[in-house]
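Take a look at the letters that make up each chain.
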Amino acid sequence: MLLAGDELVGVHAAYYSERDFGDGRVEKMCNLGSWFVQPAQRVQGVRLLKALLDQPGYHFTDLTPTGNVVPINRRLGFTFLDSRSVLVPTVPWGRKRGTITADPDQLADGLPEPERRIHDDHRRAPAARQILLRNDRGSCHVVFRVDRRTSPTGLVASVLHVGDRTVFRSMLLPFLGHLLLRHGVVAMLAEIRVIGYRPPGSILLRNFRRKMYRSRTLRPSEIDYLYSELVAVPW
């Protein structure tokens with residue numbers, strides 16, 4: 001927080017987590033959230049961001065940077081993730097192919113570690129919705145959020161996490177049907193790097209939300225959208 005005497009004039013929210021990358025490697029993550037400074041103190045606002053970035057031992061993500069924040073992040077060592085995105089219209093799917101469940105207990109019982117821990121940690125996350133896809137190829141844990149876009153009926157499901165890309169790809173049509181019939185979603189929004197491919201008939205977006213991170217050791221493939229504002233804040 002930024003103080004002027006005893007008056008609170010600025011805040012920078014952040015979400016913290018410790019992530020297990022296997023082989024005993026646990027990394028500390030800090031996801032930058034909302035950043036607000038009173039207009040009269042705006043010149044001091046960068047001090048909030050620098051205070052966060054000066055914390056030792058953390059890797060940082062900024063998953064919803066606004067246009068004027070992007071150049072500031074770049075000057076402070078952030079780089080872009082590959083966030084190329086596709087839009088896939090949802091369709092009703094009549095053929096029986098595998099199963100889909102959103103029941104929390106069935107999800108917990110059907111998931112191996114570390115997917116079970118991800119499910120349990122996000123069970124009460126306000127913006128996270130979780131399902132389990134199953135077919136003869138295995139199972140896939142999917143975390144997504146539902147956002148309202150430009151019209152009252154324009155609900156879009158944004159995919160945040162895919163546990164098994166092979167199963168997800170083979171279950172895409174049933175998943176799209178599930179989104180339409182159970183959630184009233186008109187389209188699925190997904191980053192190619194998250195789902196692992198560009199689905200046939202999808203629309204490659206020209207304008208997509210940029211995402212950024214700063215780390216000396218983590219690879220882009222190790223950065224995901226869990227334990228962040230994307231699962232914590234509905235909009």
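An account of the accompanying structure is given in this report.

Criteria and cut-off values
- Residues numbered from 1 in each chain as written.
- Predicted model: local features only at pLDDT ≥ 70, side-chain atom pairs only at ≥ 80, totals over all residues.
- Heavy atoms only, no water.
- Pairing = 2+ DSSP bridges.
- Helix = DSSP H or I, 4+ residues; strand = E, 2+ residues; numbered from the N terminus.
- Buried < 20%, exposed > 50% of the residue type's maximum accessible area, 1.4 Å probe, protein only.
- Polar contact = N/O pair within 3.5 Å; in protein donor to acceptor, adjacent residues only side chain to side chain.
- Contact = heavy atoms within 4.5 Å.
- Arc of directions from axis to C-beta.

**A look at the sheet that holds strand β3 (residues 26-37)**
By way of backbone hydrogen bonds, the strands of a sheet pair with one another, either parallel or antiparallel.
Link 1 in the chain: With mixed pairing, six strands are arranged side by side in an open sheet as β1-β2-β3-β4-β13-β5. Unpaired on one side and paired on the other, β1 (2-4) and β5 (79-80) mark the two borders of the sheet.
Link 2 in the chain: Sheet topology places β3 next to strand β4 (residues 58-62); four bridges connect them, and they run parallel. Residue pairing across strands places N31 opposite T61, the latter belonging to β4.

**Considering the pairing of strand β9 (residues 138-148)**
Link 1 in the chain: With eight of eleven residues buried, β9 is to be regarded as a mostly interior element.
Link 2 in the chain: When strand β8 (residues 129-135) meets β9, the two strands line up antiparallel, connected through seven bridges. When the sheet's bridge partners are listed, L133 is paired in β9 with C140.
Link 3 in the chain: The turn linking β8 back onto β9 is made up of two residues.
Link 4 in the chain: Alignment of β9 against strand β10 (residues 155-162), held across seven bridges, turns out to be antiparallel. When the bridges of β10 are listed, V143 appears paired with H161.

**A closer look at the side chain of R193**
Link 1 in the chain: With respect to the helices and strands, R193 occurs in helix α7 (residues 192-195).
Link 2 in the chain: What makes R193 buried here is its relative accessible area of 19%.
Link 3 in the chain: A polar side-chain atom of R193 sits 3.1 Å from the main-chain carbonyl oxygen of P220.
Link 4 in the chain: Separated by 3.3 Å, the side chains of R193 and Y225 make a polar contact.
Link 5 in the chain: Beyond its immediate chain neighbours, meaning those up to four positions away, R193 contacts L81, D82, R165, P220, S221, I223 and Y225.

**Some thoughts on helix α1 (residues 46-53)**
Link 1 in the chain: The set of residues buried in α1 consists of L48, L49, L52 and L53. Taken down its axis, α1 places every buried residue within 130° of arc, on the same side.

**Things to note about the pairing of β3**
Link 1 in the chain: Inspection of the sheet shows strand β2 (residues 7-20) paired to β3 by ten bridges, in the antiparallel sense. Paired with Y15 across the strands is N31, a residue of β3.
Link 2 in the chain: Between the antiparallel neighbours β2 and β3 lie five residues, among them G22 with a positive phi of about 85°.

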